[in-house]
Amino acid sequence: MMVDEPPASARFVVIGGGVHGLSAAWHLAKELTASGENPNVIVLEKSQIGAGASGISGGIVRNFYRSEAMTEVIAESVAIFEDDREGFGFHQVGYLAVVPEVQREDLEAIAEHQCEVGYESELASGDSNCREYLEWLWPDVNSEGVQAVLHEKRSGWADAIGTIRNLARHAREAGVRIFEGVEVIGLGYSGAEVSEVITSGGAIGCEAVIAAPGLWAPAWWQMQGLDPLVTIGEGDSAEQRPLTEYWLAREGDYLLPGVGLAGNAGRAAPVVHFDHTAPLYSDRDGELITDQPWGIYFRMGMTGGSVVGGGLPLEMGPDFELDPYGPENPKQLAGDDLSEFFTSGLAFALKRFRGASDLWDSNPNGGVLALTPDRYPVADWTAPNVYSILDAGHGFKMLAVGREAAREILGSAKSSLLAPFRLSRFGSGATHVVSKSPYPWT
Ligand SMILES: Cc1cc2nc3c(=O)[nH]c(=O)nc-3n(C[C@H](O)[C@H](O)[C@H](O)COP(=O)(O)OP(=O)(O)OC[C@H]3O[C@@H](n4cnc5c(N)ncnc54)[C@H](O)[C@@H]3O)c2cc1C
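A. Inspection of the packing of helix 1 (residues 19-34) against helix 10 (residues 399-409) at higher detail. Orientation of helix 1 relative to helix 10, taken along the N-to-C sense of each, is 45 degrees, at an axis distance of 7 Å. With respect to helix 10, the element helix 1 is oriented oblique. Here helix 1 and helix 10 pass one another in a crossing that is right-handed. Counted together, Val19, His20, Ser23, Ala24, His27, Leu28 and Glu31 of helix 1 and Leu399, Val401, Gly402, Arg403, Ala406, Arg407 and Ile409 of helix 10 form the full contact between these two elements. Among the residues forming the contact of helix 1 with helix 10, the class breakdown is 7 nonpolar, 4 polar and 3 charged.

B. Quick look at the packing of aromatic side chains. The final tally for this structure, using the stated rule, is 14 aromatic pairs. Judged by centre distance (6.2 Å) and plane angle (85 degrees), the rings of Tyr254 and Trp360 are edge-to-face. One end of the pair, Tyr254, is in strand 16 (residues 251-255); the other, Trp360, is in the loop between helix 9 (336-349) and strand 23 (361-364), and 106 residues separate them in sequence. Exposure class is identical for Tyr254 and Trp360. Each is buried. Aromatic pair Phe274 and Trp294: ring centres 6.3 Å apart, planes at 35 degrees, arrangement tilted. With Phe274 in strand 17 (residues 271-276) and Trp294 in strand 20 (residues 294-300), this pair connects stretches of sequence that are 20 residues apart. Classification of Trp294 as buried rests on a relative accessible area of 2%. Chaining the aromatic ring pairs together yields one cluster made of Phe81, Phe88, Phe90 and Phe396.

C. The site of the ligand, seen in detail. In the vicinity of the ligand lie 38 residues, with Glu45, Ser54, Asp391, Gly395 and Lys397 positioned nearest. Between the ligand and the protein, one listed contact pairs an oxygen atom with a side-chain N or O atom of Asp391 at 2.6 Å. Protein chains bury 96% of the 1000 Å² of accessible surface belonging to the ligand in isolation. Secondary-structure elements contributing two or more residues to the shell around the ligand are helix 1, strand 2 (41-45), helix 2 (53-56) and strand 24 (367-371). Taken together, the residues that form the shell around the ligand break down as 17 nonpolar, 15 polar and 6 charged.

D. Region of the structure containing the domain arrangement of the protein chain. Here the domain parsing of the protein chain yields domain 1 (9-56 + 161-238 + 374-428) and domain 2 (92-154 + 246-371). Here the C-alpha centroids of domain 1 and domain 2 sit 32 Å apart. Tallying the contact residues gives 12 residues for domain 1 and 12 residues for domain 2. Approximately 990 Å² of surface area, both sides summed, lies buried where domain 1 meets domain 2, with 66% of it carried by carbon and sulfur atoms. Contact with domain 2 buries area across many residues of domain 1, yet Ile56, Leu215 and Trp216 alone supply 53% of it, more than any other trio. Ionic pairing is found between Lys46 and Asp323, a salt bridge with its closest N-O pair at 3.5 Å.

E. Representation of the sheet that holds strand 24 within the structure. The antiparallel open sheet is built from 3 strands, whose spatial order is 22-15-24. On the outer flanks of this sheet lie strand 22 (314-317) and strand 24, each paired with one strand and no other. For this sheet, the mean angle separating the axes of adjacent strands, direction not counted, is 35 degrees. Pairing geometry for strand 15 (residues 245-249) and strand 24, over 5 bridges, is antiparallel. Directly across from Ala249, in strand 24, lies its bridge partner Gly367.

F. View of a negative patch on the surface. Negative charge collects at one region of the surface, where Glu68, Glu72, Glu105, Glu108, Glu112 and Glu116 lie side by side. Counting residues per element, the ones that place at least two in the negative patch are helix 3 (68-83) and helix 5 (104-116). Tracing the chain through its elements places Glu108 in helix 5. On the basis of relative accessibility, which here comes to 31%, the residue Glu108 falls in the partly exposed class.

G. Up close: the pairing of strand 2. Counting buried positions along strand 2 yields 5 of 5 residues, so the element is predominantly enclosed. Burial along strand 2 is two-sided: Val41, Val43 and Glu45 facing one way and Ile42 and Leu44 facing the other are all buried. Relative to strand 2, strand 1 (residues 9-15) runs parallel, the two being bridged by 4 bridges. Pairing of Val13 across the sheet is with Ile42, part of strand 2. Of the pairings in the sheet, the one linking strand 2 to strand 9 (residues 177-180) comprises 4 bridges and is parallel in character.

Criteria and thresholds
- Residues numbered from 1 in each chain as written.
- Predicted model: local features only at pLDDT ≥ 70, side-chain atom pairs only at ≥ 80, totals over all residues.
- Heavy atoms only, no water.
- Axes fitted to C-alpha atoms, helices over the stretch in contact; angles between N-to-C directions.
- Helix = DSSP H or I, 4+ residues; strand = E, 2+ residues; numbered from the N terminus.
- Parallel < 35°, antiparallel > 145°, perpendicular 65-115°, else oblique.
- Left-handed = near helix turned anticlockwise from the far one by under 90°.
- Contact = heavy atoms within 4.5 Å.
- Nonpolar A, V, L, I, M, F, W, Y, C, P; charged D, E, K, R; others polar.
- Phe/Tyr/Trp six-rings, centres within 6.5 Å; stacked < 30°, edge-to-face > 60°.
- Buried < 20%, exposed > 50% of the residue type's maximum accessible area, 1.4 Å probe, protein only.
- Near = heavy atom within 4 Å.
- Polar contact = N/O pair within 3.5 Å; in protein donor to acceptor, adjacent residues only side chain to side chain.
- Areas by Shrake-Rupley, 256 points an atom, 1.4 Å probe, with all protein chains shown as cover.
- Domains from an automatic or database assignment.
- Buried area = accessible area lost by both parts, 1.4 Å probe.
- Salt bridge = Lys/Arg side-chain N within 4 Å of Asp/Glu carboxyl O.
- Pairing = 2+ DSSP bridges.
- Patch = residues over 30% accessible without salt bridge, like charges linked within 9 Å, V, L, I, M, F, W, Y side chains within 5 Å.
- Lys, Arg positive; Asp, Glu negative; His and termini not counted.
- Charge placed at Lys NZ, Arg CZ, Asp CG, Glu CD.

What follows is the structure, encoded as structure tokens:
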């Protein structure tokens with residue numbers, strides 16, 4: 001079989017075949033075609049498209065973020081999923097954030113901002129309202145200690161690999177050429193501008209680059225000669241932090257035969273984030289699992305009755321060895337303690353799951369993700385003709401980032417949506433608001 005070789009030059013080179021790179025390439029080509037120009041865009045992917053975090057993502061599409069800038073980008077991103085629900089395998093079943101008192105104010109603020117940007121949601125606040133709201137969906141729910149429930153109507157989940165394939169299909173149809181197995185290993189400069197990318201297969205001349213290297217951001221930073229430490233804040237309180245720190249997102253596929261998440265009268269269950277401050281005890285032996293705030297998230301799986309979800313993220317530090325990336329690397333797997341935590345959390349939340357710990361078919365998996373210092377993505381110029389998109393562990397749903405980056409690089413306008421995601425926010429202290437959730441990525 002003849003494998004296509006990358007060309008000697010392309011007007012736009014996109015590095016990385018994850019959601020951000022593919023979305024950027026698709027939208028670049030689409031905008032170029034719309035303005036009557038040749039969509040001369042290539043994507044270089046060192047492995048296969050979807051080989052990074054995008055391909056193993058849980059696929060949750062939600063807008064439960066304390067940062068107002070996120071609410072806006074995600075509202076735009078969800079509109080892209082809505083434009084092609086079938087192609088993305090987008091199950092728009094809604095999303096419920098179920099939280100204790102300590103997070104009530106966060107939820108109220110999020111609901112208010114969602115209303116301002118037209119992202120349809122409902123908020124229940126206070127124990128009796130929450131009980132009524134939740135019991136309408138699940139009569140066997142444990143609503144004790146729940147003080148706020150946010151129901152996002154437009155959220156849900158999408159098939160991760162299906163989304164990657166669909167982005168690639170849209171990109172190719174718009175004229176993008178995608179080259180897999182081609183690694184970018186260096187850059188050639190003409191003055192301050194990048195004039196060529198050096199790949200494992202040779203040099204490719206270019207006019208501009210969009211890089212979305214995902215977890216491999218530190219290597220990309222190094223290639224550009226940039227400092228891998230960022231300064232947070234100014235003056236005496238300034239501190240230096242690594243640009244990227246790694247976390248293990250511990251997730252799994254779980255099946256309790258004959259028992260699923262379906263709601264009252266067979267209603268499809270929304271995606272759920274269930275956070276709590278009550279002690280969590282093992283459903284297997286009643287031993288205390290944690291007396292600290294905890295949380296699980298879950299959704300219906302692809303196959304009848306299965307539950308996909310996770311909890312207990314683990315900090316891996318800034319120097320984690322990424323390759324080989326994915327589930328075949330045992331260092332990147334969730335581990336069995338997730339199963340006890342997760343199924344006990346489910347049993348706490350829904351009575352139907354109680355006393356069945358021996359009957360679960362458990363398949364813990366998960367994977368490593370990258371976070372920036374304030375745990376939100378970066379979208380910014382890193383050279384006059386180089387645009388970098390850095391992931392922050394919740395980018396699967398953020399399809400609009402690539403679109404906005406494409407528009408910026410084509411010079412049509414500065415994106416007001418991306419303005420809060422510049423690198424300069426770290427130095428100026430304009431970092432994003434962080435919620436009180438037990439999760440590092442909300
Ligand atoms: C287990 C898990 C569950 C998650 N669940 C969710 C979720 O439910 N919802 C959500 O919104 N987000 C979720 N995320 C986060 C989400 O998957 C990521 O934020 C998102 O996929 C990042 O996309 P990306 O395009 O930046 O990076 P990636 O998908 O990692 O893509 C980067 C690509 O660049 C390639 N690359 C890197 N360097 C080079 C180079 N030098 N040359 C050529 N190619 C290169 C890599 O091979 C890779 O394919 C999850 C992540 C994990 C790990």
